[in-house]
2 protein chains.
Amino acid sequence: MNFTIQNALIAGEDDYTTVDVQVVEGIISAIAPGLDVVGEAIEGKNKLLLPGFVNAHTHSSEMWQRGIMSMFPLELWLAELYDFAPLDIEKVYLSALGTAVETLLSGGTSVVDHLVLIPGKEFETIATAVRAYKEVGIRAFVAPLIQDESLTAGMPSGESQQTHEPYFRSTAATLEIIEEAVKQFHRPEEGISIVTAPTGIQLCTDALFEGCAELSDKYNLCRHSHLLETKAQEKLAQEKYGCTAVEHLKRIGYLDYRTSLAHCVHLTDKDIEILAATKSTVVHNPLSNLRLGSGIAPILKYRQAGVNVSFGCDGASSNDSQDLLEAIKIGSILHNVTDLDYQHWITPRQSVEMAALGGAKGLNMADKVGSLCVDKEADLVLYDLTSLSLLPRTDPIGLLVLGRPTNIVDSAWVNGKQVVKDGQVTTIDVDNLRQELFKHSEWSTKRKSKTVAEIEAHYRSVMGL
Amino acid sequence: MNFTIQNALIAGEDDYTTVDVQVVEGIISAIAPGLDVVGEAIEGKNKLLLPGFVNAHTHSSEMWQRGIMSMFPLELWLAELYDFAPLDIEKVYLSALGTAVETLLSGGTSVVDHLVLIPGKEFETIATAVRAYKEVGIRAFVAPLIQDESLTAGMPSGESQQTHEPYFRSTAATLEIIEEAVKQFHRPEEGISIVTAPTGIQLCTDALFEGCAELSDKYNLCRHSHLLETKAQEKLAQEKYGCTAVEHLKRIGYLDYRTSLAHCVHLTDKDIEILAATKSTVVHNPLSNLRLGSGIAPILKYRQAGVNVSFGCDGASSNDSQDLLEAIKIGSILHNVTDLDYQHWITPRQSVEMAALGGAKGLNMADKVGSLCVDKEADLVLYDLTSLSLLPRTDPIGLLVLGRPTNIVDSAWVNGKQVVKDGQVTTIDVDNLRQELFKHSEWSTKRKSKTVAEIEAHYRSVMGL
């Protein structure tokens, strides 16, 4: 497990230097030019070494519906998604592998999987995703997606009186599943963490959030949730609480330094102050926010307010990929149209810091990973700067972030274990994965969501369409 | 040159069918299942066949500065760009090759190169780009970028009185260069067209636009220009003409069915009516518009008004890539945040039509290419649907447009001539190109634009920053 990367380019304050990097027992032990070779020698010449990025929000099983979802806003899109969600454990396994592979090959060494649970097979779903991530060797934060209200409760009622079916599983039973998963699978030192992850205020009671916060305190778990992704959710929060969702989540104690919140598109200035004060992290999912028409999250404002921001791909049905470099690029340049003053725009070096250290902070592991420092764990990615997509030679980080790099990850290590070598994932047979994904699917175009047909008229009326 | 693609998937009205496609002497001669093989048999199984797309606006030599340009709005960005623009004909050649290769490998069979001319070597620059495009075999529209006012004239003066150096070359001399280029190189039937292309109202006199319109009429050339890319240009048009730029261009006769206009971010509703009435084409460059903070072009409005829209990558210094599929994806989903009514959003099938037929219309060749029809010229692309990035199998066009496809172009033909086979460009040695790009460049981070230092204070003051 010991190795020495020789002659790699690394980023200095505002330039690059060529160094060797020694890794001993998974830990970066030295960074300097001309080091002795410890363990395996790795050729770093014409390569850029960066800390691994974090894919800070996704839903792995959405891979089964990428490319086919209708052009809908979140509320209708979710109805379609659930009408056709895979109910097969084998598919959970394959899409977790696929998500891990695409994340690794686009610079990510950690993934937060806000994992959709198959009803009645909740524990098995979690166990299967854990197995897949262990096989690939990516650092995984498995965040079982839970709720305790039924789908229709997630839409604002507007003027009308709406009643909703009770959710099929009790809040207590749901919390028991999570606690059992923690006991069985939560092994941060082995690269698998369980995260508490109510889907969001739109489908969860206070009791569920509070139960999750208790588990988080008891086992030192990270906390995750969707937050104010759409205008409809903004309306719903006012209907439900008479205040903003952020104000409410603060009041019930869900926000802290271990809390990461996906989307955060529709927040007030006061909400932003609350996120900063509680040290919560915003996970920016730019492609999903565009695809679903959710809006442009005010990321420049978050940064100015001192809120930590990281990047996520979101599930592949709303993206429709798991290319983390794409999310980083679009999540960086998108905001230039929201502020005329270019001095506020995100630079490529800032993007890299958000994706690596920002991601680590949001998962309460900034002391362990997220930057190239001696004594940190070796979550590293080595990029091939001789790839056509990174030529001609200019600023390597600029090319990586602002370009459209393909086939550029030469090597990757998670906690010092090599998981990508010569551009290929070494831990699983990706060609076999490709064949399995092919076999378990078929091309199709014609499908209609029954639930969308039922709820679309109400949605249009509430949203004034 | 004759071939038959067997068992390829093609798009029907709202589904897919499996067919054979015969191509005889560069022309699609039959499309139907179970055809006799004419010429070479091409395996189309598990592949999607689409008409080639058009990269409808780029500047090839910007490839030399991709990844390194500061995060600036257009006006300052241009100053930096020109301070470091390559002045070397060999570089023009290599970046034209690179632009062609990246376009082909992301589904484009045509490219519009709004070609920056090296001062004093204008004709040589054009000849060199033409040579590169002929070698690669992409269908090229070489649009020499011309102006007859100096760079500082491109900024609004605000309250101040500004005087500008005269441009170093006369309007007449510039028009002579273009006419000579037409005589020597304009051979549409051989895949090379010359296009008249004043850079835009911000740096061109009426005499230049009118001279170009005359050449266009005389030789039946397409017309191209930048249009209202930034707020600064919107201000400048009012200062210069007392009306919008579109109103002025209509008045001086530059707009017609052969005119394609890059960007079109800041147009009034009346301007949109003028574009529709004159049958002008909007070229949407979403990545550049984001990167430079220019704004979100009102593409949904254009489509509703019946204006033809196509996609461009724009130059690689403001993108910073030449991946046409990326431009198509972002240029499609970006607009969902501008209109709450999802019924107006662009579907993947519409995106494909904009990229292929929309591109062809903007270049006055919709009768020849842009769709899979018998008697059209064979500008075709065959996508490998077994690529990991296009799996699991769902809707092939959805995966292609909304995903992040990599390594998916199996084959491509331009006018019936194969230019990509088994994922590799067949006409030039791409590995050699890669080495040449490497050799002619070096990694750097520290450079400062002298011109930006001179003009930045004025820019900030005029823009109220």
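Residue positions are counted from 1 within each chain, in the order its sequence is given. Ligands are numbered from 1 and chains lettered from A, in the order in which they are written. In keeping with the predicted nature of the model, local features appear solely for residues at pLDDT of at least 70, side-chain atom pairs appear and are counted solely at 80 or more, and the whole-chain, interface and lining totals rest on all residues.

### A closer look at the overall build of chain A
For step 1, the next point in the chain: Broken down by element type, chain A carries 15 helices and 17 strands.
For step 2, the next point in the chain: The globule rule used for comparison is 2.2 Å times the number of residues to the exponent 0.38, while the radius of gyration itself is calculated over C-alpha atoms. Computed over C-alpha atoms, the radius of gyration of chain A comes to 22 Å, within 12% of the 23 Å expected from 2.2 N^0.38 for 465 residues, which places it in the range of a compact globule.
For step 3, the next point in the chain: Its C-alpha atoms give chain A principal-axis dimensions of about 70 × 50 × 45 Å.
For step 4, the next point in the chain: For chain A, the proportion of its 465 residues judged to be buried stands at 58%.
For step 5, the next point in the chain: Long-range pairs, those at least 24 residues apart, make up 75% of the contacts in chain A with a sequence separation of at least 6. Per the convention used, a helix needs a DSSP run of H or I reaching at least four residues, while a strand needs a run of E reaching at least two, with both numbered from the N terminus. Residues with at least 20 neighbouring C-beta atoms inside 10 Å of their own are called buried, those with 12 or fewer are called exposed, and the rest are partly exposed, where every C-beta is derived from the backbone. We call two residues in contact when the distance between their C-beta atoms, placed using the backbone, is within 7 Å.

### A word on the interface of chain A and chain B
For step 1, the next point in the chain: Between chain A and chain B, the residue contacts involve 60 residues of the former and 60 residues of the latter.
For step 2, the next point in the chain: Elements represented by at least two residues in the side of chain A that touches chain B include exactly α9 (286-291), α11 (324-333), α13 (396-402) and α14 (430-439) of chain A.
For step 3, the next point in the chain: Amino acids outside the nonpolar list (Ala, Val, Leu, Ile, Met, Phe, Trp, Tyr, Cys, Pro) and the charged list (Asp, Glu, Lys, Arg) are all regarded as polar, and Gly is one of them. Each residue belonging to the side of chain A that touches chain B can be placed in one class, and the counts come to 29 nonpolar, 17 polar and 14 charged.

### Details of the pairing of strand β16 (residues 417-421) of chain B
All names here are of chain B.
For step 1, the next point in the chain: Here three bridges tie strand β15 (residues 409-414) to β16, and the two strands are oriented antiparallel to one another. Its bridge partner being in β16, tryptophan 413 is matched across the sheet by glutamine 418.
For step 2, the next point in the chain: For two strands to be treated as a pair, DSSP must find at least two bridges joining them. Between β15 and the antiparallel strand that follows it, β16, lie two residues; asparagine 415 among them carries a positive phi value of about 50°.
For step 3, the next point in the chain: Here two bridges tie β16 to strand β17 (residues 424-425), and the two strands are oriented antiparallel to one another. Within the sheet, the bridge partner assigned to lysine 421 lies in β17 and is glutamine 424.

### Remarks on the domain arrangement of chain A
All names here are of chain A.
For step 1, the next point in the chain: Note that the domain bounds were set by an automatic or database domain assignment. Structurally, chain A comprises domain 1 (3-50 + 375-425) and domain 2 (52-362).
For step 2, the next point in the chain: For domain 1 and domain 2, the distance between their C-alpha centres works out to 29 Å.
For step 3, the next point in the chain: Broken down by secondary-structure element, the contributors of at least two residues to the side of domain 1 that touches domain 2 are β14 (380-384), α13, β15 (409-414) and β16 (417-421).
For step 4, the next point in the chain: Considering each element in turn, the side of domain 1 that touches domain 2 owes the most residues, five residues, to α13.
For step 5, the next point in the chain: Here the residues of the side of domain 1 that touches domain 2 are counted per class, giving 15 nonpolar, two polar and two charged.

### Side note on helix α6 (residues 231-241) of chain A
For step 1, the next point in the chain: Within the sequence span of α6(A), burial applies to Ala232(A), Gln233(A), Leu236(A) and Ala237(A). The arc enclosing the buried residues of α6(A), seen along the axis, measures out at 140°, which places them on a common side. Of all possible arcs, the one meant is that of the directions from the helix axis to the C-beta atoms.

### What to know about the sheet that holds strand β8 (residues 139-145) of chain A
All names here are of chain A.
For step 1, the next point in the chain: Read across the sheet, four strands follow the order β6-β7-β8-β9 without closing on themselves; strand pairing throughout is parallel. Bordering the open sheet on either side are β6 (53-58) and β9 (192-194), each of which pairs with just one other strand. The average undirected angle you get between the axes of adjacent strands in this sheet is 15°.
For step 2, the next point in the chain: In this structure, strand β7 (residues 108-116) lies alongside β8, joined through seven bridges in parallel fashion. The residue of β8 that forms the bridge with valine 111 is alanine 140.
For step 3, the next point in the chain: The axes used here are C-alpha line fits, helices contributing only the stretch in contact, and every angle between their N-to-C directions lies in the interval 0 to 180 degrees. Seen against the sheet, helix α3 (residues 122-136) touches β7, β8 and β9 and runs at an angle of roughly 165° to β8.
For step 4, the next point in the chain: Helix-sheet contacts for helix α4 (residues 171-185) involve β8 and β9, and the interaxial angle to β9 is about 160°.

### Considering the environment of Leu300(A)
Residue and element names in this part refer to chain A.
For step 1, the next point in the chain: The topology assignment puts leucine 300 in helix α10 (residues 299-304).
For step 2, the next point in the chain: Considered as a pair, leucine 300 and threonine 338 are 38 residues apart in the sequence and their alpha carbons are 8.5 Å apart.
For step 3, the next point in the chain: Look past the residues within four positions of leucine 300 in its chain and what remains in contact with it is His335, Thr338, Asp339 and His344.

### Quick notes on the relation of the copies chain A and chain B
For step 1, the next point in the chain: All copies are superposed by least squares; the fitting set is the C-alpha atoms of residues with a pLDDT of at least 70 in both. The transformation that overlays chain A on chain B combines an axial shift of 0.0 Å with a rotation of 180°, and the residual RMSD is 0.0 Å. Within this description, the copies of the chain are treated as partners about a two-fold rotation axis. It is Thr406(A) whose C-alpha, among those of chain A, lies nearest the rotation axis, at 3.3 Å.
For step 2, the next point in the chain: Looking at the interface residues of chain A, 98% of them are also at the interface in chain B, so both copies use one shared face.

### A closer look at the nonpolar core
For step 1, the next point in the chain: We define a nonpolar core as a collection of buried residues of the types Ala, Val, Leu, Ile, Met, Phe, Trp, Tyr and Cys that are connected via C-beta atoms lying within 7 Å of each other. Formed by 284 residues in total, the largest nonpolar core has its most connected members in Ala100(A), Val142(A), Ala100(B) and Val142(B).
For step 2, the next point in the chain: Excluding residues that lie within four positions of it along the chain, Ala100(A) makes contacts with Val111(A), Ala132(A), Tyr133(A), Val136(A) and Ile138(A).

### Overview of the sheet that holds strand β12 (residues 281-284) of chain B
Residues and elements named next belong to chain B.
For step 1, the next point in the chain: Within the open sheet, the four strands sit side by side as β10-β11-β12-β13. Their pairing is parallel. A single partner strand is all that each edge strand has here, and the edge strands are β10 (223-227) and β13 (308-311). Averaged over all adjacent pairs, the angle separating strand axes in this sheet is 30°, with direction ignored.
For step 2, the next point in the chain: Bridge count for strand β11 (residues 259-263) against β12 is three bridges, and the pairing is parallel.

### Looking at the packing of α3(A) against α4(A)
All names here are of chain A.
For step 1, the next point in the chain: Axis separation between α3 and α4 bottoms out at 10 Å; the angle between their running directions is 30°. As summarised for this structure, α3 and α4 are arranged roughly parallel, according to the angle between their axes. Crossing of α3 over α4 shows right-handed handedness. Taken together, the residues of α4 that come into contact with α3 (itself represented by Glu122, Phe123, Ile126 and Val130) are Ile177, Glu180, Ala181 and Phe185.
For step 2, the next point in the chain: When grouped by side-chain class, the residues that make up the contact of α3 with α4 number six nonpolar, no polar and two charged. Should an angle fall under 35 degrees it is called roughly parallel, over 145 degrees roughly antiparallel, and 65 to 115 degrees roughly perpendicular, with every other angle called oblique. By convention the crossing between two helices is left-handed if the near helix lies anticlockwise of the far one by an angle smaller than a right angle, and right-handed if it lies clockwise.

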